[in-house]
Amino acid sequence: MARRFLVALGSAVLALSMAACGGEGAGGGGDTADKKPTDLTIGVSMPTQTSERWIADGNAVKEKLQAKGYKVDLQYAGDDIPTQSQQIDQMITQGADVLVIAAIDGTALSGQLQAAAEAKIPVIAYDRLILGSPNVDFYVSFDNYKVGVAQATALLVGLGLKNKDGSKGSATGPFTVELFAGSLDDNNTAYFFGGAMDTLKPYLDSGTLKVKSGQTKIEQAATLRWQQETAQKRMEDLLTSSYNDGSKVDGVLSPYDGISRGIITALQNAGYGGSGKKLPVVTGQDAEIASIKLINDGVQSSTVFKDTRLLAEQAAIASEAFLQKKQPQANDTTTYNNKVKVVPAYLLPIQTIYKEDIKSALIDSGYWSAEEVASGQAKK
Ligand code: GAL
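Conventions adopted
Residues numbered from 1 in each chain as written. Predicted model: local features only at pLDDT ≥ 70, side-chain atom pairs only at ≥ 80, totals over all residues. Heavy atoms only, no water. Pairing = 2+ DSSP bridges. Helix = DSSP H or I, 4+ residues; strand = E, 2+ residues; numbered from the N terminus. Axes fitted to C-alpha atoms, helices over the stretch in contact; angles between N-to-C directions. Contact = heavy atoms within 4.5 Å. Buried < 20%, exposed > 50% of the residue type's maximum accessible area, 1.4 Å probe, protein only. Lys, Arg positive; Asp, Glu negative; His and termini not counted. Salt bridge = Lys/Arg side-chain N within 4 Å of Asp/Glu carboxyl O. Polar contact = N/O pair within 3.5 Å; in protein donor to acceptor, adjacent residues only side chain to side chain. UniProt positions renumbered as here; feature names shortened; annotations may be inferred. Domains from an automatic or database assignment. Buried area = accessible area lost by both parts, 1.4 Å probe.

S.K.: Would you take a moment to explain the sheet that holds strand β1 (residues 41-46) for this structure?
M.R.: As a general point, the strands of a sheet are linked pairwise by backbone hydrogen bonds and lie either parallel or antiparallel. Taking strand neighbours across the sheet as the criterion, the six strands line up as β2-β1-β3-β4-β5-β11 in an open arrangement whose pairing is parallel. Because the sheet does not close on itself, it has two edges, and the strands there are β2 (71-76) and β11 (345-348). Strand-to-strand twist across the sheet, computed as the mean angle between neighbouring axes with direction ignored, equals 15°.

Printed below as a string of structure tokens:
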């Protein structure tokens, strides 16, 4: 008798907890197409607020979804993997109907994605692919290999080895360069570095470019969590270990503006940019306002602009499609294998920004104002 009661109680608890998990009929279930947007919630999980690009992404995704009438639960995880896992767990138990996730560690969310799948919540990977899980339903990003090609090309253009139109430049070298990569747990890192190294290879093979430290492997070049301070420290170490013989570094491949700023600080502290010691060509990515100012001031050489407004729009379009029980439209169904399946993706174009492009690409399009570019600080 008592046993039967316990079993019945157990089932009731299970049913309740499944309902709380957003199981069928409790939000996140299969009936979203019949609901009003105002009754639907999209959980948006962003990695960190220390980088302004993710703040812009979070705000843009929220705005686009709210404009469509949806409720949004936007969370930042402070670049801490357990925090991101907990935040996503909570979004699921609170009955999110779609999840949009920019992962800190692309391999760390399989458990959360399994729970989402059980609750029938579609998952959209935002800019960073989530790996090792069959439960990633869509991916919105940019052409990440092309980002790497663009960064290496900007390095070559900055050194004068190439012209912007792709023709051969007037410089002959040889030049000394150093290479930086992003965080190894981010799937994009290998695409950026791979695209860059494929582009630099002929120049490295011929000796036109020389990595004086010898650190050409991605593991040696990597920067955990993409952190500026970590990049600054590595650049300081490289200068001490490989350039203390009076030689100078001519170019630095950097995959992200925060890393570029760390590199530039290390170089400036070592006297570069002062009299007689020109700053090397330094690349970047994300068109962060602090770096746009540096480019405008002739300190950083270039960045790669990825319009977060367009990425946010695609995330909103894909979310809406899932909520209406449709498959979002992909423009790439072959590239992004997450080690379990090829995830259908919508990839957006990129643009290299040199000083002369700031006005047309960033100011005229309303991405940054002239005032923000001058101050190096975002107003919004
Ligand atoms: C990558 C992203 C880059 C850059 C970097 C550091 O995943 O694709 O654009 O933002 O993270 O945040």
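S.K.: Looking at this model, I keep getting lost on the sheet that holds strand β8 (residues 251-253). Mind explaining?
M.R.: The sheet built from four strands is open, its strands ordered β7-β6-β8-β9 with parallel pairing. Pairing within the sheet leaves two strands with one partner each, and these edge strands are β7 (209-211) and β9 (281-282). Alignment of β8 against β9, held across two bridges, turns out to be parallel. The residue of β9 that forms the bridge with V252 is V282. Running over the sheet, helix α6 (residues 187-206) touches β6 (175-179), β7 and β8 and is turned about 120° from β7.

S.K.: Explanation requested: the side chain of D105 in the structure shown.
M.R.: With respect to the element layout, D105 can be found in the loop between β3 (98-101) and α4 (110-118). For the buried D105, which has no salt bridge, the nearest side chain bearing the opposite charge is R225, at an N-O separation of 4.8 Å. Of the polar contacts made by the side chain of D105, one reaches the side chain of T107; its length is 2.7 Å. Dropping the residues within four chain positions of it, D105 is found in contact with I81 and D185.

S.K.: Would you mind going over the UniProt feature "domain: Periplasmic binding protein" (unreviewed entry) in the protein chain with me for this structure?
M.R.: Within this numbering scheme, the UniProt entry marks residues 42-326 as carrying the feature "domain: Periplasmic binding protein" (unreviewed entry). Secondary structure across residues 42-326 divides into 46% helix and 14% strand, with the first and last C-alpha atoms of the span separated by 16 Å.

S.K.: Looking at this model, I keep getting lost on the domain arrangement of the protein chain. Mind explaining?
M.R.: Many structure descriptions define interface size as the accessible area lost when the parts assemble. For the protein chain, the assigned domains read domain 1 (3-142 + 308-348) and domain 2 (144-285). Using C-alpha coordinates to define each centre, domain 1 is positioned 35 Å away from domain 2. With 15 residues of domain 1 at the interface, the matching set in domain 2 holds nine residues. Surface buried jointly by domain 1 and domain 2 totals about 1,000 Å² across both partners, of which 39% is contributed by carbon and sulfur atoms. Contact with domain 2 buries area across many residues of domain 1, yet D79, R128 and Y336 alone supply 37% of it, more than any other trio. Across the pair D186 and R128 runs a salt bridge, and its minimum N-O distance is 2.8 Å.

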